[in-house]
Amino acid sequence: MARLGTAHHRDREASSRHAPSPAEQHRDDNARAMDREIDSALHAARIPARGADATTRRVDEHAPPGWSYNPASWRQRLPVVALAVVGGCVAGYLALYQYGVVRDVWEPFFGDGSRRILHSSISFALPVSDATLGALGYLADALAGVIGGVRRWRTMPWIVVLFGILVGPLGAVSIALVIAQPVVYHTFCTLCLLSAVISMLMIGPAMDEVLASLQYLRRVSRTPERSVWRAFWGIGRDDLSAPLTRGKRGGAQ
Amino acid sequence: MWARIVSAIVGVWLVASPGVLGYGGRAAVNDRIVGPVIAAIAIVAAAGVTRELRWAELPLGLWLLIAPWTLGYHNPVLAAQSMIAGFVLLALVPFRGRVRASYGGGWRVLWSDHGDT
């Protein structure tokens, strides 16, 4: 598709070459912009067709080298964002109960388990309650999940790595709290367990994108003229669009 | 995938068991600490890209095998439960399951010196 656009573009350039007046130049620029728009529209239209036909295993063109799919596609990212939103709602509801905004808390299995745990000293060990921190954590996960386009594993590794870092501790703290509930308080809190399960479910699906970004940075580090620092922050994106060949990678050793 | 699901169920059972069977003491504390960790690892390792994390169940399985002696369980039922759970975990670790996607050589590419795979 891109090749088609370029050919079209070249014709236009050839026809305008003999008359480089400012007006024509301007028109030419407009045409170029339009070409780019057409390209991206055609591109966008093609992605769902490929996604739907997963059995043929055709590779998405934004997929990292050696990958069968693009981990930064919305299809991959939205489920994790959806989990973060649900987790945020659960944690937010528990926080509202902890601060007395909501009078009672939903607890179908463990009697006064939720009430005891949510008003325990561990819950209030920090200046803000644990559920408040959890809700903020889920909010940060959701934000880090939606920021950036479908090439973000390459164009903004920093947000992908931040996303991976945010998902990890939330899960670790959830598990620590799940252990503390029965060991310290001899009871459970149903919604706290649900929140812990949600935070665990998010980790695996979030890690593929992190791996793609880290592999990309590793390839950059093997290419002598490229800076990992600049690649991490996505500086000089035009430069980044050049493919990293295997030859270059081997030569960097 | 099914191996991760069964591992997660083992973890959840260990958390629930003290309440269901009605026991306390060291066995209960141990099961309630190890259980959530087993379940968490199983859930994370269910994703294709993190499937290798299943090996982290190995030390937990070994610990469940020796815990009845190390911690001195008096009740043979609890000792048997711990050992069966440990055996099941250890037996499931080698089952990788099918991973349809490919990940550009996976995590090992990051610390290998010779490029992809």
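Residues numbered from 1 in each chain as written. Chains lettered and ligands numbered in written order. Predicted model: local features only at pLDDT ≥ 70, side-chain atom pairs only at ≥ 80, totals over all residues.

Draft legend 1. Geometry of the overall build of chain B. Of the regular secondary structure elements, chain B holds five helices and zero strands. Each helix and strand of chain B, ordered N terminal to C terminal, gives the series α-α-α-α-α. Along the longest, intermediate and shortest principal axes, the C-alpha atoms of chain B span 55 × 25 × 20 Å. Taking all 117 residues of chain B together, the buried fraction comes to 42%. In chain B, the share of contacts with a sequence separation of at least 24, taken over all contacts with a separation of at least 6, comes to 60%. (Helix = DSSP H or I, 4+ residues; strand = E, 2+ residues; numbered from the N terminus. Buried ≥ 20, exposed ≤ 12 C-beta atoms within 10 Å, placed from the backbone. Contact = placed C-beta atoms within 7 Å.)

Draft legend 2. Structural view of the confidence of the model for chain A. Residues and elements named next belong to chain A. For chain A, the average pLDDT comes to 77, and 70% of its residues sit at 70 or higher. Considering each helix and strand of chain A separately, the mean pLDDT is smallest for helix α11 (residues 246-251), with a value of 40, and largest for helix α3 (residues 74-98), with 94. Scored below 50 in pLDDT, residues 41-57 shows eight contacts in the model against residues more than four places distant or in partner chains. The model gives residues 238-253 a pLDDT under 50, and that stretch makes 17 contacts with residues more than four places away or in other chains. (pLDDT = per-residue confidence, 0-100.)

Draft legend 3. Structural view of unusual backbone geometry. With a phi close to 55°, His 186 of chain A is a non-glycine residue in the positive phi region. You can call His 186 of chain A partly exposed: it has 14 C-beta atoms within 10 Å.

Draft legend 4. Quick look at the interface of chain A and chain B. In this assembly, 26 residues from chain A lie in contact with 24 residues from chain B. At the level of secondary structure, the elements contributing two or more residues to the side of chain A that touches chain B comprise α7 (157-185), α8 (190-221) and α11 of chain A. Counting residues per element, the side of chain A that touches chain B draws most heavily on α8 of chain A, which supplies eleven residues.

Draft legend 5. Spotlight on the nonpolar core. Ranked by internal contacts, the top residues of the largest apolar core, which has 73 residues, are Leu 94 and Met 202 of chain A together with Ile 38, Ile 43 and Val 44 of chain B. Among the elements that line this core, the one with the most residues is α8 of chain A, at 16 residues. If sequence neighbours within four positions are ignored, Met 202 of chain A has contacts with Val 80, Leu 83, Ala 84, Asp 141 and Val 167 of chain A. (Core = buried A, V, L, I, M, F, W, Y, C linked by C-beta atoms within 7 Å.)

Draft legend 6. Layout of the environment of Asn 70 of chain A. Residues and elements named next belong to chain A. In this structure, Asn 70 sits in the loop between α2 (22-52) and α3. Residue classification places Asn 70 among the buried positions, given that 25 C-beta atoms sit within 10 Å. On a C-alpha basis, the gap between Asn 70 and Leu 217 in space is 16 Å, while along the polypeptide they are 147 residues apart. Not counting residues up to four positions away in its chain, the partners in contact with Asn 70 are Asp 60, His 62, Ala 63 and Val 150.

Draft legend 7. Focus on the packing of helix α2 (residues 25-45) of chain B against helix α3 (residues 57-70) of chain B. Residue and element names in this part refer to chain B. Across the interface, α2 lies against α3 with an axial gap of 10 Å and an inter-helix angle of 155°. By the criterion of interaxial angle, the relationship of α2 to α3 is roughly antiparallel. Where α2 crosses over α3, the handedness of that crossing is left-handed. Of α3, the residues touching α2 (which contributes Asn 30, Val 34, Val 37, Ile 38 and Ile 41) are Glu 57, Leu 60, Trp 63, Leu 64 and Ala 67. For the contact of α2 with α3, the per-class residue count stands at eight nonpolar, one polar and one charged. (Axes fitted to C-alpha atoms, helices over the stretch in contact; angles between N-to-C directions. Parallel < 35°, antiparallel > 145°, perpendicular 65-115°, else oblique. Left-handed = near helix turned anticlockwise from the far one by under 90°. Nonpolar A, V, L, I, M, F, W, Y, C, P; charged D, E, K, R; others polar.)

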